[in-house]
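# What the coordinates show
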Amino acid sequence: MVIIALLANTYRRSTCVAFCTVPQRIYPIVFKQGTTTQRQSIRFFLNNYKHFGRKQKNIDMGTSSSIGRRERVREYSTSGTYTALGSMLDGHGDEETIYALSSGGGSAATAVAVIRITGPQSRLALQTLLSKSQQESYDHVPLPKPRYASLRMLYDPIVSSKKYKISQDEDIKEQVESIIGITRDPLDSSLVLLFNGPRSFTGEDMVEIHSHGSRAVVQGVLGALGKLALPPYNLNIRPAERGEFTQRAYGSGKLGLVEVEALADLIVADTSYQRLQALRQLDGRLSDLYEEWRGELIKGLAHAEAVIDFGDDEDLGDDDLGVEGTTESGEMGVWGAIRPRMKELARKMEKHLSDAQRGEILRDGVKVAIVGVPNAGKSSLLNLLADREAAIVSPIAGTTRDVVDVVLDLGGVRCIVSDTAGVREDGSTDDIIEVEGIKRARKAALDAHVLLCMVDSTDEENGIKAIKDILKDINTDMKSRKIIFVRNKIDLLGDLETKEANVDSDILPSLSISNTFEISCETNSGVDDLIDDLTRTLYERLNLSQDSDNNALSNEEDAVITRARHRRHVESAAEALRRFEVRSGEGYVALDMAAEELRLAASELGRITGAVDVEDVLDVLFSDFCIGK
């Protein structure tokens, strides 16, 4: 018999201590990962305890986010003074089964709704719903073949007391006995799929019910599942919380933290490029990159700790001698083989960071601001881009007082176009609402990745002055911001010769304009060319590719940073490596400090993938998922 005794709580802790007893032996196990739960740790041990039979045997805990390092297990005799606080014979003792509507069945009726069930009692819950009559036991009800869809009739598990005149005063047991064999009411004819763990999304036994999508059917099935928690069934089943299915997939090692974030991005993707980026992150390429870097850091750290532990007794080869000096000169000779690799790793991190944030911008959307003087036609252009009346248009100058945002799909790129209030010279208006609108217009221009600077071609001089005033405090570096100059209302020039304004020199001496367009929002003249150029500008800003017809192409590239959290940790790791470069050249006296920098760099990368405690991140991340995912 195998008994597990838990001596320290693992939830939100950095260390868990447990003991396992097998015949005549007690094994202490230390789990050091903060994301490890009691059940995951003990379940792993139960599945592998037969390998824990030799003294000081190294056990590979795997590379999942929950258990991610090798731990040493030592034998102790049963004469020890340790006291067991409790025993758990399996990992399912008190684990709940959860259910939720995964898709469809909302406020509007749909053709199909998908209801998910996962947990140790999901099979029993399905067997109960599949039973046509009330029975004493449902274990013998045939289930569909795993991973094959089967058309089955679902039945309401609670027989109506009014229909069968069951007294509410009777004992529960007597009520059950009195209705055994009675035919139940049907709920729906549904497609049912069974996934046996661990070959499922959550890693547990899992059921999917594809029912008709009417509100009556969906609520009937969900209500039936809820009744299974009541007598006479008393199953440990409840509705799922937001993101709980994905949380269980993460806890069982089916998904890493980066993959969980990618799944969240994929669910809310609006455009084709957002979808492609999420899928590339979901396939593990970003996690593999960070784990590869972390492995390099751990190798260097192991080398340093060997020198710290064994000192002069450590047998160092020729590769361990310093490159720039020797141990006699006080240089850090033991870092000779490590420093070049760490320097190359730091270079890779710097290259990874120098991506102009295109991954985050593609995920969140490119910000485009239309700026200019009042009544230049900014709202008209927004309506043309959105292909609907998104903003109010009138001949009265200053109609737009606030920032109006419209989300567009331009060539597969999510784009947030902002129509802003017309900018006047400071002090030219006493209207406090208009002053606030101008303030917000300047803020929108400051935050934008692409600026559409619009002027009225019949009053171009004042328009250019306003544009100069807007751009005076904005970084106009072409790598971080694209600027397109637009001359509107060319239809009002009549037969007059179109002015050829030297925009590059007139707006700002240091300003570089991506392109200049002459359009008419009234006649649509030149608008299509402007949209095509705007789409190309977005591709250039995000380093994407396109074909001759201006369509998005799948550009297979290296993994890119998609979240500010990733960037923050990679920056911290790169900084630690820069400090290591200095410390590793200061001799043996700085050996511990140099090793600590490697440890910090590895820890920062581990926080991205979830190998290091990230409970605070998980709380926020899973709350962003919908219920049923």
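As a starting point, this report considers the structure included with it. (Residues numbered from 1 in each chain as written. Predicted model: local features only at pLDDT ≥ 70, side-chain atom pairs only at ≥ 80, totals over all residues. Heavy atoms only, no water.)

What follows deals with the sheet that holds strand β13 (residues 404-410). Read across the open sheet, the 6 strands follow the order β13-β14-β12-β15-β16-β17; overall the sheet is mixed. The open sheet has two edge strands with one neighbour each: β13 and β17 (515-518). This sheet shows a mean twist of 20° between the axes of neighbouring strands, independent of strand direction. Summarising the sheet, strand β12 (residues 366-372) and strand β14 (residues 413-419) pair through 5 bridges and their orientation is parallel. Residue pairing in the sheet places K367 in a bridge with I416 of β14. On top of the sheet, helix α11 (residues 378-386) reaches β12, β13, β14 and β15 (450-456); it is set at about 150° to β12, its chief contact. (Pairing = 2+ DSSP bridges. Helix = DSSP H or I, 4+ residues; strand = E, 2+ residues; numbered from the N terminus. Axes fitted to C-alpha atoms, helices over the stretch in contact; angles between N-to-C directions. Contact = heavy atoms within 4.5 Å.)

For S379, the location among the structural elements is in helix α11. Residue classification places S379 among the buried residues on the basis of a relative accessible area of 10%. Side chain to side chain, S379 and T400 meet in a polar contact 2.9 Å long. There is a polar contact of 2.5 Å between the side chain of S379 and the side chain of D419. (Buried < 20%, exposed > 50% of the residue type's maximum accessible area, 1.4 Å probe, protein only. Polar contact = N/O pair within 3.5 Å; in protein donor to acceptor, adjacent residues only side chain to side chain.)

Attention shifts here to unusual backbone geometry. Cis geometry is adopted by the peptide bond preceding P198, which originates at G197 and carries an omega value of 5°. If you trace the backbone, P198 turns up in the loop between β9 (186-195) and β10 (206-213). In this structure, the amide linkage connecting P231 to the following residue, P232, adopts the cis form with an omega of 10°. Mapped onto the secondary structure, P232 falls in the loop between α4 (215-227) and β11 (237-239). Of note in the backbone geometry, N234 takes a positive phi value of approximately 55° without being a glycine. Locating N234 in the fold gives a position in the loop between α4 and β11.

Pairing is mixed across the open sheet formed by 6 strands, whose spatial order is β8-β9-β10-β7-β6-β11. Two strands in the sheet have a free side with no partner beyond their single neighbour: β8 (150-155) and β11. Sheet twist, expressed as the average angle between the axes of neighbouring strands with direction ignored, equals 30°. Here strand β6 (residues 97-103) pairs with strand β7 (residues 110-118) via 5 bridges, running antiparallel. Within β7, the position partnered with L101 by the bridge is I115. Helix α2 (residues 122-130) contacts β6, β7, β8, β9, β10 and β11 of the sheet and is inclined by roughly 75° relative to β8.

Residues V368, L381, V413 and I519 are the most contacted members of the largest nonpolar core, which totals 36 residues. Ranked by the residues each element gives to this core, the list is headed by helix α15 (residues 527-542), at 6 residues. Other than its neighbours up to four places away in sequence, L381 contacts I370, L452, M454, I519, C521 and L530. (Core = buried A, V, L, I, M, F, W, Y, C linked by side-chain atoms within 4.5 Å.)

Bringing the packing of aromatic side chains into the picture now. Evaluation of the coordinates by the stated rule reveals 3 aromatic pairs. The interplanar angle of 45° and the centroid separation of 6.0 Å between the aromatic rings of Y138 and Y233 together place this pair among those described as tilted. Separated by 95 residues along the polypeptide, Y138 in the loop between α2 and β8 and Y233 in the loop between α4 and β11 bring together distant segments of the chain. For Y138, a relative accessible area of 8% corresponds to the buried category. On the basis of relative accessible area, Y233 is assigned to the buried category, the value being 12%. Consider the rings of Y273 and Y539, whose centres lie 6.1 Å apart with planes at 65°: the pair is edge-to-face. In this pair, Y273 is assigned in helix α7 (residues 272-282) and Y539 in helix α15, connecting sequence segments 266 residues apart. Judged on exposure class, the residue Y273 and its partner Y539 are both buried. A cation over an aromatic ring shows up here: R116 above the ring of F201, its NZ or CZ 5.0 Å from the ring centre. Positioned above the aromatic ring of F245, the side-chain terminus of R116 is 5.8 Å from the ring centre. (Phe/Tyr/Trp six-rings, centres within 6.5 Å; stacked < 30°, edge-to-face > 60°. Lys NZ or Arg CZ within 6 Å of the ring centre and 35° of its normal.)

For the structure shown, the criterion picks out 34 salt bridges. One salt bridge in this structure joins R567 and E360, with 2.6 Å as the shortest N-O distance. Of the two residues, R567 is situated in helix α16 (residues 564-583) and E360 in helix α10 (residues 358-364); the sequence distance between them amounts to 207 residues. Classification of R567 as buried rests on a relative accessible area of 8%. The network of salt bridges with common partners includes E95, E96, E204, R238, E244 and R248. (Salt bridge = Lys/Arg side-chain N within 4 Å of Asp/Glu carboxyl O.)

Let's shift gears to the packing of α16 against helix α17 (residues 591-609). Orientation of α16 relative to α17, taken along the N-to-C sense of each, is 165°, at an axis distance of 8 Å. Put simply, α16 runs roughly antiparallel to α17. Between α16 and α17 lies a crossing of left-handed hand. Of the residues in α17, those in contact with R565, H566, H569, V570, S572, A573, A576, L577, R579, F580 and R583 of α16 are M593, A594, E597, L598, L600, A601, E604, L605, R607 and I608. Of the residues contributing to the contact of α16 with α17, the split by class is 12 nonpolar, 3 polar and 6 charged. (Parallel < 35°, antiparallel > 145°, perpendicular 65-115°, else oblique. Left-handed = near helix turned anticlockwise from the far one by under 90°. Nonpolar A, V, L, I, M, F, W, Y, C, P; charged D, E, K, R; others polar.)

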